[in-house]
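Each chain, letter by letter, is given below.
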Amino acid sequence: MDPVRNPYAPGAGQRPPELAGRGRELDVFDVVLERIARGRPERSLMLTGLRGVGKTVLLNTLRSQAINRLWGTGKIEARPDQSLRRPVAAALHMAVRELAPRHRAPDRIDAFLGVLKAFAQRAAPTGRGGAAPKLRDRWQPGIDVPASSGRADSGDIEIDLVELLTDAAAVATDVGTGIAIFIDEMQDLGAEDVSALCAACHELSQLGAPLIVVGAGLPHLPAVLSAAKSYSERLFRYQRIDRLDRIAADQALCAPAEREEVEYEQKALDLLYEKSGGYPYFVQAYGKATWDHAPRSPITAADVRVAAPEAEAELAVGFFGSRFERATPAEREYMRAMATLALVDGEESGRDDMDAAVPTAEIARALGRKPASLSPARDALIKKGLIYSGERGTVAFTVPHFGRYLRTQPA
Ligand SMILES: Nc1ncnc2c1ncn2[C@@H]1O[C@H](COP(=O)(O)OP(=O)(O)OP(=O)(O)O)[C@@H](O)[C@H]1O
Ligand SMILES: [Mg+2]
């Protein structure tokens, strides 16, 4: 069928033509926004899940929901080895700029921006060993007011963040609304920053201040947060974002097709679900290839069969390969051992998902190495976001079907 009218959108953060199966999360967030705006106690949301399940897309949708309610919003994508200070300053700057035109006292906004600038400029110099920052390292946040002093500029991120977020929330209170800061890839924040962020959220919730932090990250995000502050479990509501059930996966395919007056035969949908396993990225990838190959509506199972190799080839490059390439030879060896063991475990327990968690001790045994000698590879893979440790002493792939992909790769 006409590839120009192909509605499907496989790709990181690509808005799907139909956001299927996330009604519950959207409803919960509506209630959160309403309660926070009214000064009621409420836990913020943390979305967790594997790669490609739709965390970024959902986070962006929640942001739109906040904007629709006239909240100020900003977004950060956390990166390993990057301090939170500048990105959080930029995100808050954006949020407050959205509120500023509605504020009746411009000097209050300027006062906040002065604090924000001071906060941002406290960023540690990137010069080594405390050397003076080079000129190009002196970041200019694009704020026209002079930096103030005495607030949010102590250099201790925890103190500074509490003060900054409290002041930002006060601006939102003035205009009768709230501020939401969205943090994607949140598991990549440094330990100090996570700790500071939890402390700030804790403080804000005690004050009933209308500012929330909404996060998204890999399945071990809850462990990262509770390692920083034990009370984090009571601070956030974790929502596991998972593969779509059959009804939602069919809707993700059928609703956009219907708008183009195209239909699927039931057997085509059966086969598409079998291939995608309901994982949103795969739903989009198989949907896209099938559309391009199908000669006419209704789309048949035979069309899916013809198109599948192309979808798989694209996934091998764009979804799996791009990640596999980030690993060093030693890390690849580690993951291959994981993939083999996950298969054995999966077969023994009769599970159909063969991306099960694997004990690290077994990986060491399979490779004939001491467990400690494999820690660097394991830690590097966790840092690269390819594997995670949900339970102590085990690891699992963050990428769905990654084990299956690795087993098809020549060693
Ligand atoms: N609810 C949904 N219904 C249909 N398609 C979806 C849905 N959510 C996400 N998708 C599609 O799935 C793909 C992956 O989405 P997204 O990039 O948000 O995943 P992610 O969880 O952030 O992945 P990563 O961990 O790699 O960042 C995109 O192509 C998107 O269009
Ligand atoms: Mg994402």
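Residues numbered from 1 in each chain as written. Chains lettered and ligands numbered in written order. Predicted model: local features only at pLDDT ≥ 70, side-chain atom pairs only at ≥ 80, totals over all residues. Heavy atoms only, no water.

## Observations regarding the overall build of the chain
Note the cut-off: Secondary structure elements are defined from DSSP: runs of H or I of at least 4 residues count as helices, runs of E of at least 2 residues count as strands, and each element is numbered from the N terminus. For this measure, only C-alpha atoms enter the radius of gyration; the expected value for a globule follows 2.2 Å times N^0.38, where N is the number of residues. To sort residues, take the accessible area from a 1.4 Å probe on protein chains only and compare it with the maximum for the residue type: under 20% means buried, over 50% means exposed, and anything in between is partly exposed. Note on definitions: a residue-residue contact is assigned when non-hydrogen atoms from the two residues lie within 4.5 Å. To measure how exposed things are, a 1.4 Å probe is used in the Shrake-Rupley method; for residues, cover is taken only from the protein chains shown. This count recognises Lys and Arg as positive and Asp and Glu as negative, with His and chain-terminal groups excluded. For the purpose of locating charges, the reference atoms are NZ of Lys, CZ of Arg, CG of Asp and CD of Glu.
Each helix and strand in the chain was counted, giving 16 helices and eight strands. Taking 2.2 N^0.38 as the reference for a compact globule, 411 residues should give roughly 22 Å; the C-alpha atoms of the chain span a radius of gyration of 24 Å, in line with that estimate. Dimensions of the chain, computed from C-alpha atoms along their principal axes, come out at roughly 65 × 60 × 40 Å. Buried positions account for 50% of the 411 residues belonging to the chain. Counted over contacts in the chain with a minimum sequence separation of 6, partners at least 24 positions apart contribute 77%. Carbon and sulfur atoms form 50% of the exposed surface of the chain, whose accessible area is close to 19500 Å². Side chains of the chain carry 53 positive and 55 negative charges; the gap between the two charge centres is 4 Å.

## Here's the deal with the sheet that holds strand S6 (residues 358-359)
Note the cut-off: In this analysis, strands are considered paired if DSSP registers two or more bridges between them.
Reading across the sheet, the three strands line up as S6-S8-S7 and stay open at both edges, with antiparallel pairing between neighbours. Edge positions in the sheet fall to S6 and strand S7 (387-388), since each of these pairs with one other strand and no more. As paired strands, S7 and strand S8 (residues 394-397) are joined by two bridges and run antiparallel to one another. Looking at the pairing, Tyr388 lines up with Ala396 of S8.

## Remarks on the site of ligand 1
To be explicit about the condition: Distances are taken per atom, and a residue is near a molecule or strand as soon as one of its heavy atoms is within 4 Å of it. Distance and chemistry together define a polar contact, namely a pair of N or O atoms within 3.5 Å, with one atom able to donate a hydrogen and the other to accept it when in protein, and with adjacent residues in sequence counting only for side-chain atoms on both sides. We call Asp, Glu, Lys and Arg charged. Ala, Val, Leu, Ile, Met, Phe, Trp, Tyr, Cys and Pro are nonpolar, and the rest, Gly among them, are polar.
Taken together, 27 residues surround ligand 1, and among them Ala9, Gly13, Gln14, Lys55 and Thr56 come closest. Backbone polar atom of Val57 to an oxygen atom of ligand 1: 2.9 Å apart, as the coordinates give it. In isolation ligand 1 offers 640 Å² of accessible surface; the protein chains occlude 97% of this area. Elements supplying a minimum of two residues to the shell around ligand 1: helix H2 (55-68) and helix H11 (280-293). The residue inventory of the shell around ligand 1, partitioned by class, reads 13 nonpolar, seven polar and seven charged.

## With respect to the pairing of S8
The alternating pattern of S8 places Thr394 and Ala396 on one face and Val395 and Phe397 on the opposite face, and all of these are buried. Bridge count for S6 against S8 is two bridges, and the pairing is antiparallel. Counterpart to Val358 in the pairing with S8 is Val395. Turn length for the S7-S8 hairpin, with the two strands adjacent in sequence and antiparallel, is five residues, and the turn residue Gly393 shows positive phi of about 80 degrees.

## Regarding the confidence of the model for the chain
For the record, the criterion: The predictor attaches a confidence to each residue, called pLDDT, with possible values from 0 through 100.
When the pLDDT values of the chain are averaged, the result is 91; 93% of them are 70 or greater. Per-residue pLDDT stays below 50 along residues 126-131; that stretch engages in three contacts with residues further than four places along the chain or on separate chains. With pLDDT under 50 throughout, residues 133-137 is counted as low confidence; its partners more than four residues away or in other chains account for five contacts.

## Topic: unusual backbone geometry
With an omega dihedral of 0 degrees, the bond running from Ser297 to Pro298 counts as a cis peptide bond. Positionally, Pro298 belongs in the loop between H11 and helix H12 (301-324). Its identity as a non-glycine residue notwithstanding, Leu70 has a phi of 65 degrees, on the positive side. In this structure, Leu70 sits in the loop between H2 and strand S2 (72-77). The phi angle at Ala152 is positive, at roughly 60 degrees, despite the residue not being glycine. Tracing the backbone through its elements, the reader meets Ala152 in the loop between helix H4 (106-121) and helix H5 (157-174). The exposure class of Ala152 is buried, given its relative accessible area of 0%.

## Thoughts on the pattern of salt bridges
Basically, it comes down to this: In what follows, salt bridge is the name for a side-chain nitrogen of Lys or Arg lying within 4 Å of a carboxyl oxygen of Asp or Glu.
Evaluation of the coordinates by the stated rule reveals 18 salt bridges. Between Glu42 and Arg35 there is a salt bridge, and its shortest N-O distance comes to 3.0 Å. Note on Glu42: relative accessible area 18%, which makes it buried. For Arg35, a relative accessible area of 30% translates into the label partly exposed. Residue Lys383 is joined to Asp81 by a salt bridge in which the shortest nitrogen-to-oxygen separation is 3.3 Å. Linking Lys383 in helix H15 (residues 371-383) with Asp81 in the loop between S2 and helix H3 (85-99), this pair joins segments that are 302 residues apart in sequence. Residue class for Lys383 comes out partly exposed when judged on its relative accessible area of 47%. What emerges from the salt-bridge pattern is a single network uniting Asp30, Glu34, Arg38 and Arg69.

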